[in-house]
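Working through the structure, step by step
Here is how the chains run, residue by residue.
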Amino acid sequence: MLRALVFDVDGTLAETERDGHRMAFNRAFAEAGLPIVWDEATYGELLRVTGGKERIRHFLDRCPDCPALDEAAIAALHRKKTEHYTAWVRSGAVQLRPGVARLVREAEAEGLRLAVATTTTPDNVEALLGRAGLRGSFHVIGAGDIVPAKKPAPDVYLWVLERLDLAPDEAIAFEDSENGLRAALAAGLRTVVTPSFYTRGEVFDGAWALLSDLGEPERPATDLRTGRPVVVDVNWLRARLEGE
Ligand code: XBP
Ligand code: MG
């Protein structure tokens, strides 16, 4: 029985990384007088480290020319980054990916519960859902440091399932990355993967469905395994569950 949909945020709800998070990190570095600029390709590699503070730490540990920063300095730098990122979201610079708002509204109307499971900072989630007018549709938000072990650890998904009081087979996860897929699978969730700008070359073995996006009736997505057109709605999810 399908009772809930659980969404990742960055890359899944919207393309937030290249022009949003990356630029916000770079602005925070520049303001702090740090000689660090993450170009598009470098940032793509750094995305393997989930969590912004963890990403900065990982980079500094491998940068002999960078100043040593303690955890408090990294946290302060990251707070500035979050300010820049949320301002970017609130400016309306980013749109939700195809089908996201439609599916969320439909699922809500059908009585499904909606949740977020992400490594991103809670303020970022509030900004994105608020801007999209969808904040009230979500019952549970699992974000940022709510669990110490970030994706690919399953912890944030397990935390969300506990709050929803649901078993893994009563929910479906939506992800865009291999790290996210691994986290959701390890929590026992069927997972729909819609690869994003930075994750298109990743491996998505074990995904329940692998789609270009969620699709809109007037512009269906493509099932990346069969090449067939698809529009993900609650009926499509239920039919696929019944067809297992
Ligand atoms: C995305 C991330 C995040 C963002 C930055 O993972 O790894 O760390 O890049 O967010 P997911 P913060 O798609 O699983 O949310 O700087 O707020 O940590
Ligand atoms: Mg993601």
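Located above this text is the structure these notes cover.
Calculation rules
- Residues numbered from 1 in each chain as written.
- Chains lettered and ligands numbered in written order.
- Predicted model: local features only at pLDDT ≥ 70, side-chain atom pairs only at ≥ 80, totals over all residues.
- Heavy atoms only, no water.
- Near = heavy atom within 4 Å.
- Polar contact = N/O pair within 3.5 Å; in protein donor to acceptor, adjacent residues only side chain to side chain.
- Areas by Shrake-Rupley, 256 points an atom, 1.4 Å probe, with all protein chains shown as cover.
- Helix = DSSP H or I, 4+ residues; strand = E, 2+ residues; numbered from the N terminus.
- Nonpolar A, V, L, I, M, F, W, Y, C, P; charged D, E, K, R; others polar.
- Buried < 20%, exposed > 50% of the residue type's maximum accessible area, 1.4 Å probe, protein only.
- Contact = heavy atoms within 4.5 Å.

1. Section: the site of ligand 1
Every one of the 18 residues lining ligand 1 counts as a neighbour, but Gly52, Arg55, Lys81, Thr118 and Thr121 are closest to it. Backbone polar atom of Gly52 to an oxygen atom of ligand 1: 2.6 Å apart, as the coordinates give it. The contact in question runs from an oxygen atom of ligand 1 to an N or O atom on the side chain of Lys151, over 3.1 Å. Notes on ligand 1: free accessible area 450 Å², of which the protein chains cover 96%. Only α1 (17–31), α3 (52–61) and α4 (71–90) provide two or more residues apiece to the shell around ligand 1. In terms of residues, the shell around ligand 1 owes the most to one element, α1, which gives three residues. Each residue belonging to the shell around ligand 1 can be placed in one class, and the counts come to two nonpolar, 10 polar and six charged.

2. What about helix α6 (residues 122–132)?
In an α-helix, one turn spans 3.6 residues; hence positions three or four apart end up facing the same way. Those residues of α6 that sit buried are Asn124, Val125, Ala127, Leu128 and Leu129. Packed against the buried residues of α6 are α1, α4, β2 (113–117) and β3 (140–142). Looking one or two residues beyond α6, the residue adopting positive phi is Gly133, at roughly 75 degrees.

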